[in-house]
Amino acid sequence: MHRQVHHSFSIKKFTLTAVSLPIMIDNPSNNLPEGLFKVLFEKSPGSILVKADPPRFTILAVSDAYLEITSVNREDILGKGFFEVFPDTNDDPDDANTARKVFTKVIETNEKIDVPVYRYDLFDPKTKSRNPHYWSCSNTPIFDANNNVAYILNTVVDISGEVKAKEVAIESENRLLLAADATGLAIWDLDIPEIRFTYSPQLTGIFGHPVETNLTLGEISGQVYPEDMQNIVRKAYFESLVSGYFGYEVRIFWPDRSLHWVRVMGKILFNPKKEPVRMLGTLVDITESKRDEIRKNDFIAMASHELKTPLTSLKAYIQLLAAKLAGSSDPFIGNALSKANNQVNKMTALIHSFLDLSKLEPGKLQLKRQVFDINKLIEETVAESRVLSNTHIIRFVPGKVMNVNADREKISQVIGNFISNGIKYSYKGSTITIHTDALDDSIQVAVKDEGIGIKLKDHEKIFQRFYRADEDDIKNISGFGIGLYLSSEIIQRHKGKVWVKSAEGKGSTFYFSLPLS
Ligand code: ADP
């Protein structure tokens, strides 16, 4: 039997066709010896040659690789029918890619047929069970002199690894989508050069559309509040460049014109030339928590407002009393009234900062711009600060005359805040120095102290609302973590910048800049 099979495995038979092996015909010097040809075939990647004798499909030759992956021996299979060795037991009748159907089709059509992926489980002698296996194969017809298919060369590649990897990827993607669905998170991805935007179905719901709606990037951006849209573009780019990630809250309008809030988080991927190529992330509806926050802010605003009236009258009474008792022989009275007055001033300042905080709600903080000389403003603010505190030396080193177009009162508030922080977080008797500088297109103000300094990890955080450095040094320094937040919001609304340079124990310098145009 073997002999017979080996005999039919001859060059003569392979050279029958000009279609499958034309080189052998065209070039007579290519008369490879039969033995060498056999070796070549047997060393080729997973190949099996069957005779086109349906329904048997007798196995004529097989490569070592094929034997290896199918765990059979050459002697056991040569001369046997293909389906005796590899039974088509669990074949799905609707599957057009079963080996039997494909072999039959090759004979019918005279054409090579590729099957990119199919499953054929292999028996594992160790576990005595069939293990799932995936294959990719091609089935090449080899013709006889009459141009009929005489043989079929079936070459297979085991792609179980790739299929498994894909399955794992799909599974993890499904898990991610499921988790996203359960938490109402939408996932989005923007290919920047191609301007191709893809997103998970949750996104349409978050933007107030039925799930099946197809939204373009233009339609989605059109629903974002224009001011917030500018923020997205600017912040996302810079934050991604600096920290790799970005995150911000934006207001959107639903098609029914109702206002909603979403939180967008993600990152931008850059090419080696630092050009943005891809932007991807998540998006979640935060309308409820935002409304809650707005209610809290309204409450603070209302409470502060209500507190202002009794405080104003308290201050008036203290001043009246002070006037009445001026020149009193009891030194305690004057001293007590002055302390009471100071405490009332402190409380007034605090209440004002709470009120300012609530005014930061979008659209509520209106800038009253005017052109003024920043050096003059600083002189005034420094004079006020000297009156409020005589524990420190406050020095002002003005640059040349600098006119800016800004909200004078609010800028004064920022400078006052930097100075009072400098005083608060440094030692009695130390110096606070204020510098102004004219740059090409902006002015820059710096307030330097010789105080406790700020750890690098806090440099960005201290500008966040209610954030206070978690240091023992400041445990007994009162504050609410509002001042720097307010200052940075005020400067940002002027399209300026706020930043700090500081090291622990080495003092701090707070800067802001305002554009000149
Ligand atoms: P508050 O001073 O009321 O806590 P701020 O918003 O003004 O609020 O400041 C936030 C935090 O920044 C402070 O709690 C403090 O930790 C830190 N900080 C601000 N200014 C200085 C400074 N000049 N030196 C050291 N730390 C400072």
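See the structure shown above.
Let me sum up the structure you'll find in this document. A quick note: this is a predicted structure, and the numbers were derived from the prediction, not measured.

Scanning the protein chain from N- to C-terminus turns up 17 helices and 19 strands. Here the C-alpha radius of gyration of the protein chain, 41 Å, is well above what a compact globule of 517 residues would show, namely 24 Å. In terms of overall dimensions, the protein chain has C-alpha extents of about 135 × 50 × 45 Å along its principal axes. Here the protein chain holds 517 residues, and 39% of them are scored as buried. With the model as given, the accessible surface of the protein chain reaches about 30400 Å², and the carbon-plus-sulfur share is 57%. Across the protein chain, the 63 positively charged side chains and the 65 negatively charged ones have centroids separated by 7 Å.

Below, the discussion takes up the sheet that holds strand β19 (residues 508–515). Pairing in this open sheet of five strands is mixed, and the strands run β14-β16-β17-β19-β18 from one edge to the other. In the strand order of this sheet, the two ends are held by β14 (393–397) and β18 (497–502), each with one partner. Taking each pair of neighbouring strands and ignoring which way they run, the sheet shows an average axis angle of 15 degrees. Relative to strand β16 (residues 431–438), β14 runs parallel, the two sharing five bridges. Across the sheet, the residue bridging to phenylalanine 396 is isoleucine 434, located in β16. Relative to the sheet, helix α15 (residues 374–388) contacts β14, β16 and β17 (442–448), its axis offset from that of β14 by approximately 175 degrees.

Right, let's talk about the packing of aromatic side chains for a bit. Counting across every chain of the model gives 17 aromatic pairs. Where phenylalanine 82 meets phenylalanine 83, the ring centres are 5.1 Å apart and the plane angle is 75 degrees; that geometry is what we call edge-to-face. In this pair, the class of phenylalanine 82 matches that of phenylalanine 83, namely buried. Measuring from centroid to centroid gives 5.0 Å for tryptophan 499 and tyrosine 511, while their planes differ by 5 degrees, and the two rings are stacked.

Inspection of the secondary structure assignment puts valine 404 in strand β15 (residues 403–407). In the structure, valine 404 is positioned 110 residues away from leucine 514 in sequence and 7.7 Å away in space, judged by C-alpha atoms. With sequence-adjacent residues up to four places away left out, valine 404 is seen in contact with Gln370, Val371, Phe372, Ile374, Ile443 and Leu516.

Surveying the vicinity of the ligand reveals 21 residues, the closest of which are Asn421, Tyr425, Asp449, Arg468 and Leu484. The backbone of glycine 481 places a nitrogen or oxygen atom 3.2 Å from an oxygen atom of the ligand. Here the ligand has 530 Å² of accessible area as a free molecule, and 97% of this is covered by the chains. The leading source of residues in the shell around the ligand is helix α16 (residues 408–424), at three residues. Its residues assigned to classes, the shell around the ligand shows 11 nonpolar, seven polar and three charged.

Okay, helix α13 (residues 287–324) next. The first and last C-alpha atoms of α13 sit 55 Å apart over 38 residues, in line with the 56 Å expected at 1.5 Å per residue. Among the residues of α13, Thr287, Lys290, Asn297, Ala301, Ser304, Leu311 and Ile318 are the ones counted as buried.

A word on α16. The end-to-end C-alpha distance of α16, which contains 17 residues, comes to 24 Å, matching closely the 24 Å that a straight helix rising 1.5 Å per residue would cover. Counting buried positions along α16 gives 12 out of 17 residues, so the element sits mostly inside the fold. Looking only at α16, the buried set comprises Lys410, Ile411, Ser412, Val414, Ile415, Gly416, Asn417, Phe418, Ile419, Asn421, Gly422 and Ile423.

Turning our attention to the pattern of salt bridges. Summed over the entire model, instances satisfying the criterion amount to 21 salt bridges. For aspartate 191, the salt bridge identified is with arginine 196, shortest N-O distance 3.2 Å. Since its relative accessible area comes to 48%, arginine 196 is described here as partly exposed. Note that glutamate 293 is salt-bridged to lysine 290, the shortest N-O span being 3.4 Å.

What follows concerns the side chain of aspartate 228. Along the chain, aspartate 228 turns up in helix α12 (residues 226–243). Residue class for aspartate 228 comes out buried when judged on its relative accessible area of 6%. The contact partners of aspartate 228, leaving out residues within four places of it in the chain, are Val250 and Arg251.

Turning our eyes to something else, we now look at the pairing of strand β12 (residues 276–285). Here strand β8 (residues 186–191) pairs with β12 via six bridges, running antiparallel. Along β12, the bridge assignment pairs aspartate 189 with leucine 280. Note that strand β11 (residues 259–270) and β12 share nine bridges and pair antiparallel. Following the sheet pairing, leucine 269 is matched in β12 by arginine 278. Linking β11 back to β12 in an antiparallel pair, the connection comprises five residues, with lysine 274 at a positive phi of about 65 degrees.

Take the pairing of β11 next. Pairing between strand β10 (residues 246–253) and β11: eight bridges, direction antiparallel. Paired with glutamate 249 across the two strands is arginine 263, which belongs to β11. As consecutive antiparallel partners, β10 and β11 are separated by five residues, and within that stretch arginine 257 has a phi angle of approximately 70 degrees, a positive value.

Cut-offs applied
- Residues numbered from 1 in each chain as written.
- Predicted model: local features only at pLDDT ≥ 70, side-chain atom pairs only at ≥ 80, totals over all residues.
- Heavy atoms only, no water.
- Helix = DSSP H or I, 4+ residues; strand = E, 2+ residues; numbered from the N terminus.
- Rg over C-alpha atoms; globule rule 2.2 N^0.38 Å.
- Buried < 20%, exposed > 50% of the residue type's maximum accessible area, 1.4 Å probe, protein only.
- Areas by Shrake-Rupley, 256 points an atom, 1.4 Å probe, with all protein chains shown as cover.
- Lys, Arg positive; Asp, Glu negative; His and termini not counted.
- Charge placed at Lys NZ, Arg CZ, Asp CG, Glu CD.
- Pairing = 2+ DSSP bridges.
- Axes fitted to C-alpha atoms, helices over the stretch in contact; angles between N-to-C directions.
- Contact = heavy atoms within 4.5 Å.
- Phe/Tyr/Trp six-rings, centres within 6.5 Å; stacked < 30°, edge-to-face > 60°.
- Near = heavy atom within 4 Å.
- Polar contact = N/O pair within 3.5 Å; in protein donor to acceptor, adjacent residues only side chain to side chain.
- Nonpolar A, V, L, I, M, F, W, Y, C, P; charged D, E, K, R; others polar.
- Expected span 1.5 Å × (residues − 1).
- Salt bridge = Lys/Arg side-chain N within 4 Å of Asp/Glu carboxyl O.

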